[in-house]
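Report on the structure
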Amino acid sequence: MAEKNFKRYTVTAALPYANGPLHIGHLAGVYVPSDIYVRYLRAVGKDVAFIGGSDEHGVAITLKARKEGKTPQQIIDHYHEMIKNSFESFGISFDIYSRTSSPQHHQTAADYFKKLYEKGAFEAHVSEQFYDNKEHQFLADRYIKGTCPTCSFDGAYGDQCENCGSTLSPTELINPKSMLSGEVPIMKETKHWYFPLDRYEDFLKQYILEDHKEWKTNVSGQCKSWIDGGLKPRPMTRDLDWGIKVPVKGAEGKVLYVWFDAPIGYISATQEWAQATGKNWEDYWKKEDTKLVHFIGKDNIVFHCIIFPSILKAEGSYILPDNVPANEFLNLEGNKISTSRNWAVWLHEYLIEFPEQQDVLRYVLTANAPETKDNDFTWKDFQIRNNSELVAIYGNFINRAVVLTHKFFGGKVPDITSYEQVDLDALANLEIFPQRIAHSLDQFKFREALGYLMDLARLGNKYLAETEPWKLIKTTPERVGTIMNVSLQIAASLGVLSRPFLPFTYEKLNQMINMDHLNWTDAGKPSNLQGGTSIGEGRLLFEKVEDDVIEKQIQKLMNTKKDNSIEEQLIAPSKPMISYEDFSKMDLRVGQVLTAEPVLKSNKLLKFTVDTGIDKRTIVSGIAKHFTPEEMIGKKVMVLVNLAPRMIMGIESQGMLLFAENKEGSLKAVVPDAAASNGAGIS
RNA sequence: GGCGAGGUAGCUCAGUUGGUUAGAGCACCGGAUUCAUAACCCGGAGGUCAGGGGUUCAACUCCCCUCCUCGCUACCA
C-alpha cells in the first residue's frame, strides 16, 4: 500500500510487440508516464530498475514474416532496432531495453515453466486441432484460410473474416485450406498445458479487490469483471515453431504461449541488467520491500493483473505487482489509432518532421494523457499547448529571467540585499512545489503533476509582473538584484522539477543555469544559486509552431483517409467460376416480411416471419444494426429458401434473407419489385 | 444482451465521507503593461453537472430508469 516504505522499485513498461513501429499512442499510454515516474524516483534518490524490451514471439510475427517473404528473425531485428531507437530519441530512460529472443530470456522463461511444471501447477489436456499433413504442423487459427460462412468472402482467416469482420472459429470456415501448403488440413489431437486460473480465484479476489483498493477504477473494475465472469484454465503452450521451446518431454514442436513468456521478459531483462551492473536481480523481484509497478495500456490489464500475478504466485518466491497503472487509449483526430490503416503519428516520422522537439510531444501527451478515459490527440491542440503553454508561460518566464539578468547584471546571479514581503510570498509559494508535484506523481496523476509544474512557471511570471524590475532599474537599482535573484531561484527549481517531464529542456536550461548539483528536495529552496555565479547566454527553450506546419500534418492525415477510402471502395474480385448446375441448387424466392422483432439478449439479430409463397417461416438475420423491425414489416425480400436450418440463440432459422453489403460493412436492402408475387422463383 | 469504464463551461479535466453563489488550465472578450517568441499580469463572460424519476432540510455527489461513447463478451447462415 501507499504508506509502505519501499527500499527499491522495479518499474516495467509493457513490452512493445516487434511487428511494427511505435506511434504516439504507445508513448502516451505507457512510455512517457513510466519514464516520468522513474526519472522522478531517481531524482528523489530511490533505487530503481526501469525495465523494457521487445516482445518478439507469437504467431503474428511469423505471419508478418511470411507475408513479407522474410524470416521472423529479420522482422524482429528490424523492428527491435527501430523501436529501441525511438525510445532513445524520446529519452525513455530504460536501465535496460532487452528482447525476448535473447538467450537469457529463453533460459529464464523455460526454467520458469519447468519449475511450475514440476510443482504440478499445470493441467495437461488433449484437444483436436487443424493439422497440415504436408508441412507436418499444427495450424494456428490465423494459418487457416477459407470461405467466410457469413459473407462468403474467400480469404477469411480462421479467427476472423477481414471482409465482414465476423469473429470465427476455424471449424466454421467453408473449404478450409492451410496457408502453409494450401492443402486441406485434417483434425488431429494435440496436447497442451493449461494454467488453471480458476484455482486462483480466491487469491485474486483478495489480492486485487481487498489488498489493492488504491488501484485505478478502470483497472480494478476490469479485473472484477473478469473474476466475476468465472476464470477458466488457459493453455500456456502452442503448436508453433517460433518461440521458446516447451522444456518438458512430449512437447516437441511446441512453444510457450507468448503471453506466458512476455511478462517473464521483465524478469530476464532485470537479470541481464543486474549482471551488467553487478546487482542482485532477486532483490528486485523477491524482496518484500521492493515495489513492483507495471505500466501498461488497458488492453493488457487481464494479463498483468490476473494471469501474471497468478503465475508469480504459483512459483511462490516472487513479489506481486504493487500497482498496475493502466492507461486508456489515445485517439487521433477523432479516430482510433490504427497501424494497418496508417492512422497514426509515427514516432520515427515525428523525429524528422519536428527535430529537437521531443519534449513538446512528451508535454502534450502528458497534459492530455488518457489517464481516466480515452482521449483525443489533435494537431490543433498540439499547437495550442506548445504556443500558449510551453512557449508563452514556461519558455517566456525563463527567457525573461535570463535576459534581464544579462541586461542588468552582466549575466551574473546578483546577491540579495534584503527581502520584501512580495519576495517572501513568492519564496513561500515556491517551497510547496516539490512536495505537491511529488504527491501527484506518487499517485500516478501525471497530468495533475504537470499542471502544478506549469503553475510554478506562472508563479515566476506573476512575480516579475508584480515587481517590475525593468522599471525599478531606473529608480531603485539596488532592489533589482534581489528580484532577479529570486526569479533565478524560481527558474532553477522549475528546471529541477521539470526534469522527469521534459528531460531535453532540462539539459538546455542547465546550459544557462547550472543545476546539476541540485536534486528534487533542493528544489523549492531560496538559495540554490549562489550570488556571483555566471549564467549562460539566453536561448529559447521552445519555438512557436506555425499554422502551416500544423496544416501540413492535418493534410497528411487527410491523405491517409483518402487512401483508405479508395481502398475501401475497391470491389471484391469475382469468385471462381461455377456451373449452372451449382447455381440451380439454390432456391431463391421472392418473399414478404410479415412480422419482425428483435431477438432477446441480442443486439444484432432480428427475428422475422416471412411469407415465402411456399409457407410462412421463421428466419433470423443479423441486421439489427442496419434496419429497424418497423421498417422491415411488409417489405418484399429475396429469400434463399433451401438453406439448411440452423439454431441461432435458441431460435431455428429456416432460410436466409439477402442483402447488399457495402465495403465498409453497411447493409442495403435488395428489394424485388412490388409486383413480384410471393414465392416467385428468382433465376 | 451481459459486465466494466466514462458522459461536469467551446476544448481538456478537478470536484474529497451529500452542505453555503459548481472549480482549474487553454480558447474567447475587456483592461493594464512592454523585460519577454503580439508572450506575461489583472478582470470578465461562459455550465438546468447527459436526460427523467426517487431518497433527503440539502445531491454533480446516494438509489432506480433511459440515452450516448469506449472496452471485454455473446449472437451475425
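1. Some points on the overall build of chain A
- Counting its secondary structure elements, chain A contains 20 helices and 25 strands.
- Residues counted as buried form 51% of the 683 residues belonging to chain A.
- Of all intrachain contacts in chain A linking residues separated by at least 6 positions in sequence, the fraction that spans at least 24 positions is 74%.
- Surface summary for chain A: the accessible area is close to 31,400 Å², and the carbon and sulfur share equals 50%.
- Taken together, the 78 basic and 88 acidic charged side chains of chain A have centroids lying 1 Å from each other.

2. What to know about the protein's contact with RNA strand B
- Around RNA strand B, a shell composed of 52 residues is seen, among which Lys336, Asn375, Phe542, Leu643 and Arg646 lie nearest.
- Near the protein, meaning within 4 Å, the atoms of RNA strand B are sugar or phosphate in a fraction of 69%, with bases accounting for the rest.
- Within the backbone of Ala392, an N or O atom sits 2.8 Å from a sugar or linking oxygen of RNA strand B.
- Arg447 is positioned such that a nitrogen or oxygen atom in its side chain is 2.5 Å from a sugar or linking oxygen of RNA strand B.

3. Examining the nonpolar core
- If you look at the biggest cluster of nonpolar residues, it comprises 178 residues, and the most contacted ones within it are Ile24, Phe260, Ile306, Leu361, Phe377, Phe382 and Ile398.
- Counting residues in each nonpolar core, the second largest holds 14 residues, with Ile619, Met632, Val637 and Val639 among its members.

4. Comments concerning the packing of aromatic side chains
- In this structure the tally under the stated criterion is 41 aromatic pairs.
- Measuring from ring centre to ring centre gives 5.2 Å for Tyr40 and Trp520, while their planes differ by 70°; the resulting arrangement is edge-to-face. Remark: Trp520 occurs in the loop between helix 17 (503-512) and helix 18 (547-569) and Tyr40 occurs in helix 1 (residues 24-43); sequence separation between them is 480 residues. In this pair, the class of Tyr40 matches that of Trp520, namely buried.
- With centroids separated by 6.0 Å and ring planes inclined at 50°, the aromatic side chains of Tyr580 and Phe583 adopt a geometry described as tilted. One end of the pair is Tyr580 and the other is Phe583, both in helix 19 (residues 580-584) and three residues apart, which spans about a single turn.
- Note on Tyr580: relative accessible area 62%, which makes it exposed.
- We classify Phe583 as partly exposed; its relative accessible area is 25%.

5. As for the domain arrangement of chain A
- Under the domain assignment used here, chain A contains domain 1 (8-114 + 261-332), domain 2 (121-238), domain 3 (388-522) and domain 4 (580-669).
- Between domain 3 and domain 4, the C-alpha centre-to-centre distance is 70 Å.

6. Considerations on the sheet that holds strand 1 (residues 8-13)
- One open sheet holds the four strands; their spatial order is 3-2-1-13, and the pairing between them is parallel. If you trace the sheet from one side to the other, it starts and ends with strand 3 (96-99) and strand 13 (290-295), each paired once. Neighbour to neighbour, the strand axes of the sheet diverge by 20° on average, direction disregarded.
- Relative to strand 3, strand 2 (residues 47-54) runs parallel, the two being bridged by four bridges. Across the sheet, the residue bridging to Ser54 is Arg99, located in strand 3.

7. Focus on a nonpolar patch on the surface
- Taken together, the side chains of Ile416, Tyr419 and Leu424 make up a nonpolar region of the molecular surface, amounting to roughly 230 Å² of accessible area.
- With respect to the helices and strands, Ile416 occurs in the loop between helix 12 (379-409) and helix 13 (421-442).

8. Remarks on the pairing of strand 1
- Burial runs high along strand 1: six of the six residues are buried.
- Summarising the sheet, strand 1 and strand 13 pair through six bridges and their orientation is parallel. Residue pairing in the sheet places Thr12 in a bridge with His294 of strand 13.
- Note that strand 1 and strand 2 share five bridges and pair parallel. Directly across from Thr10, in strand 2, lies its bridge partner Ala49.

9. Quick notes on the sheet that holds strand 20 (residues 636-640)
- Spatial strand order, 19-18-17-20-23: five strands in an open sheet with antiparallel pairing. The sheet terminates laterally at strand 19 (616-621) and strand 23 (656-657), the two strands that pair on one side only.
- Of the strand pairs in this sheet, strand 17 (residues 588-598) and strand 18 (residues 606-611) are connected by six bridges, and their pairing is antiparallel. From the neighbouring strand, Glu597 faces strand 18, where its bridge partner is Lys607.

10. Some points on the pairing of strand 4 (residues 123-132)
- Relative to strand 9 (residues 186-195), strand 4 runs antiparallel, the two sharing nine bridges. Of the residues in strand 9, the one forming a bridge with Tyr131 is Ile186.
- Relative to strand 5 (residues 137-138), strand 4 runs antiparallel, the two being bridged by two bridges. Bridge pairing links Tyr131 to Phe138 in strand 5.
- Once strand 4 ends, the chain turns through four residues before running back antiparallel as strand 5, passing His136 with a positive phi of about 55°.

11. A few points about the environment of Phe295
- If you trace the backbone, Phe295 turns up in strand 13.
- Sequence spacing of Phe295 and Val324 is 29 residues, and the spatial spacing of their C-alpha atoms is 5.9 Å.

Definitions and cut-offs
- Residues numbered from 1 in each chain as written.
- Chains lettered and ligands numbered in written order.
- Predicted model: local features only at pLDDT ≥ 70, side-chain atom pairs only at ≥ 80, totals over all residues.
- Heavy atoms only, no water.
- Helix = DSSP H or I, 4+ residues; strand = E, 2+ residues; numbered from the N terminus.
- Buried < 20%, exposed > 50% of the residue type's maximum accessible area, 1.4 Å probe, protein only.
- Contact = heavy atoms within 4.5 Å.
- Areas by Shrake-Rupley, 256 points an atom, 1.4 Å probe, with all protein chains shown as cover.
- Lys, Arg positive; Asp, Glu negative; His and termini not counted.
- Charge placed at Lys NZ, Arg CZ, Asp CG, Glu CD.
- Near = heavy atom within 4 Å.
- Polar contact = N/O pair within 3.5 Å; in protein donor to acceptor, adjacent residues only side chain to side chain.
- Core = buried A, V, L, I, M, F, W, Y, C linked by side-chain atoms within 4.5 Å.
- Phe/Tyr/Trp six-rings, centres within 6.5 Å; stacked < 30°, edge-to-face > 60°.
- Domains from an automatic or database assignment.
- Pairing = 2+ DSSP bridges.
- Axes fitted to C-alpha atoms, helices over the stretch in contact; angles between N-to-C directions.
- Patch = residues over 30% accessible without salt bridge, like charges linked within 9 Å, V, L, I, M, F, W, Y side chains within 5 Å.
- Salt bridge = Lys/Arg side-chain N within 4 Å of Asp/Glu carboxyl O.

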